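Per-entry structural report
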Amino acid sequence: MSGLDILIVRELNGDIYFGYPRGVREAPDGPFEGAKEGFDTMRYSEPEVRRIAHVAFQAAQKRQKKLTSVDKANVLETSQLWRDTMIEVAKEYPDVELSHMYVDNAAMQLVKAPKAFDVVVTGNMFGDILSDEAAMLTGSIGMLPSASFDKNNKGLYEPSHGSAPDIAGKGVANPLATILSAAMMLRYSLGKTEQADRIENAVKKVLEQGYRTGDIATADGRVVGTKEMGDAVLKAL
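Quick notes on the rules
Per chain, the residues get numbers from 1 upward, laid out in the order the sequence is written. Reporting of local features is limited, given that this is a predicted model, to residues whose pLDDT is at least 70; pairs of side-chain atoms are given and counted only at 80 or more, and all residues count toward the totals for whole chains, interfaces and linings. With hydrogens and water set aside, each side-chain value is computed from the structure's full complement of heavy atoms. Secondary structure follows DSSP: runs of H or I at least 4 residues long count as helices, runs of E at least 2 residues long count as strands, and numbering of each begins at the N terminus. Each residue is placed in one exposure class: buried if its accessible area under a 1.4 Å probe, protein chains only, is under 20% of its type's maximum, exposed if it is over 50%, and partly exposed if it falls in between. Two residues qualify as a contact provided that any one of their heavy atoms is within 4.5 Å of a heavy atom in the partner residue. We get accessible surface area from the Shrake-Rupley algorithm with a probe of 1.4 Å; when it comes to residues, only the shown protein chains can shield them. Positive charges come from Lys and Arg, negative ones from Asp and Glu, while His and the chain ends are left out of the count. For this purpose, a charge sits on NZ of Lys, CZ of Arg, CG of Asp or CD of Glu. Strands are treated as partners if at least two bridges between them are detected by DSSP. Between N-to-C directions, angles span 0 to 180 degrees; the directions come from axes that are lines fitted to C-alpha atoms, helices contributing only their stretch in contact. Salt bridges are defined by distance alone: a side-chain nitrogen of Lys or Arg within 4 Å of a carboxyl oxygen of Asp or Glu. An expected span of 1.5 Å times one less than the residue number is assigned to each helix. Comment: arc refers to directions from the helix axis out to C-beta atoms. Here the nonpolar core consists of buried residues drawn from Ala, Val, Leu, Ile, Met, Phe, Trp, Tyr and Cys, with membership extended through side-chain atoms lying within 4.5 Å.

A tally of regular secondary structure across the protein chain gives seven helices and 10 strands. Scored against the burial criterion, the 237 residues of the protein chain give a buried share of 38%. Taking all contacts inside the protein chain whose residues are at least 6 apart in sequence as the whole, residues at least 24 apart take part in 66%. A total of about 13400 Å² of accessible surface is found on the protein chain, and carbon and sulfur atoms cover 54% of it. Taking the 28 positively charged and 33 negatively charged side chains of the protein chain as two groups, their mean positions are separated by 7 Å.

Put into structure tokens, the structure is as follows:
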């Protein structure tokens with residue numbers, strides 16, 4: 001989708017993926033007492049939410065100063081804590097417009113009106129799902145850069161799709177997510193905004209010139225391989 005630019009800030013250390021207790025057992029109660037059941041625990045502490053909130057607000061300050069917090073506060077106690085904490089942290093960032101959206105509506109709005117979003121902040125499970133949905137708005141997950149930050153703003157930068165050993169060495173992978181991940185590193189960890197802009201503008205120029213790898217191929221595009229696309233971006237720089 002032309003002109004689409006969304007940043008999703010996903011908390012990575014908490015939520016149902018890491019909550020305890022968890023496991024498989026014989027159900028001790030309920031309508032299926034005695035049956036085999038699986039269970040997980042969704043947990044968030046206020047310091048965890050505050051930590052990711054500051055990251056999201058600071059990212060929003062570098063962009064359009066709009067932050068959408070995604071939760072399920074109408075159902076989940078963890079989400080109500082999440083929302084309350086976001087509202088508290090927002091007082092420290094009066095220049096950023098904070099809005100809230102339930103995750104089911106956010107999933108719909110990403111499809112219906114994705115350009116209405118700027119920065120989105122959400123928990124681990126919701127972020128896992130929404131970030132993959134957002135990736136396909138670009139036409140391919142091969143277009144989506146990502147970063148995992150520590151508390152000191154040091155990041156592990158990589159394409160959101162990870163590795164693809166099944167196509168290794170074939171020259172068909174889309175290198176743009178990797179290139180854009182380098183731009184993110186310059187912007188968010190190294191504070192090199194001008195250099196990040198140069199890389200991102202080079203990618204935009206190459207796409208405007210019609211260069212396409214197979215995953216984003218169009219009828220009127222020039223389909224190229226991994227090396228050719230990388231060389232085109234380098235030339236555009």
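Additional details are given in the paragraphs that follow.
Attention now moves to the environment of Pro175. Relative to the assigned elements, Pro175 resides in the loop between strand S8 (155-159) and helix H5 (176-189). Taking the relative accessible area as the measure of exposure, Pro175 reaches 13% and is therefore buried. In sequence terms Pro175 and Pro159 are 16 residues apart; their C-alpha atoms lie 8.8 Å from each other. What Pro175 contacts, discounting residues up to four positions off in sequence, is Thr213, Thr226, Met229 and Gly230.

What the four strands build is an open sheet, ordered S1-S6-S4-S5; its pairing is parallel. Where the open sheet ends on each side, the last strands, each with one partner, are strand S1 (7-10) and strand S5 (97-102). Looking at each pair of strands side by side, their axes are set apart by 25° on average, direction ignored. In this structure, strand S4 (residues 66-71) lies alongside strand S6 (residues 119-122), joined through four bridges in parallel fashion.

Our focus in this paragraph is the pattern of salt bridges. As enumerated under the stated definition, the model contains 13 salt bridges in all. Here Arg63 and Asp5 are joined by a salt bridge, their closest N and O atoms 3.3 Å apart. Taken together, the residues Arg63 in the loop between helix H1 (46-61) and S4 and Asp5 in the segment before S1 connect sequence positions 58 residues apart. Using a relative accessible area of 19% as the deciding quantity, one classes Arg63 as buried. Asp5 gets classed as partly exposed once you look at its relative accessible area, which sits at 48%.

On to H1. Its 16 residues place the ends of H1 22 Å apart at the C-alpha level, agreeing with the 22 Å of an ideal helix rising 1.5 Å per residue. Turning to H1, its buried residues number three or more, namely Glu48, Val49, Ile52, Ala53, Ala56, Phe57, Ala59 and Ala60. The buried residues of H1 occupy one face: seen down the axis, they fall within an arc of 155°.

Okay, the pairing of S6 next. Burial along S6 is two-sided: Val119 and Val121 facing one way and Val120 and Thr122 facing the other are all buried. Sheet topology places S1 next to S6; four bridges connect them, and they run parallel. Paired with Ile8 across the bridge in S6 is Val120.

The subject of this paragraph is the nonpolar core. Generally speaking, nonpolar side chains in soluble globular proteins are found buried as a group. Counting residues in hydrophobic clusters, the biggest one holds 22 residues, and the most contacted among them are Leu7, Val9, Phe57, Leu67, Trp82, Met86 and Val121. Broken down by secondary-structure element, the contributors of at least two residues to this core are S1, H1, helix H2 (77-90), S6 and H5. For this core, the element with the highest residue contribution is H1, accounting for seven residues. With 17 residues, the next largest nonpolar core counts Ala183, Val206, Ile216 and Val233 among its residues.

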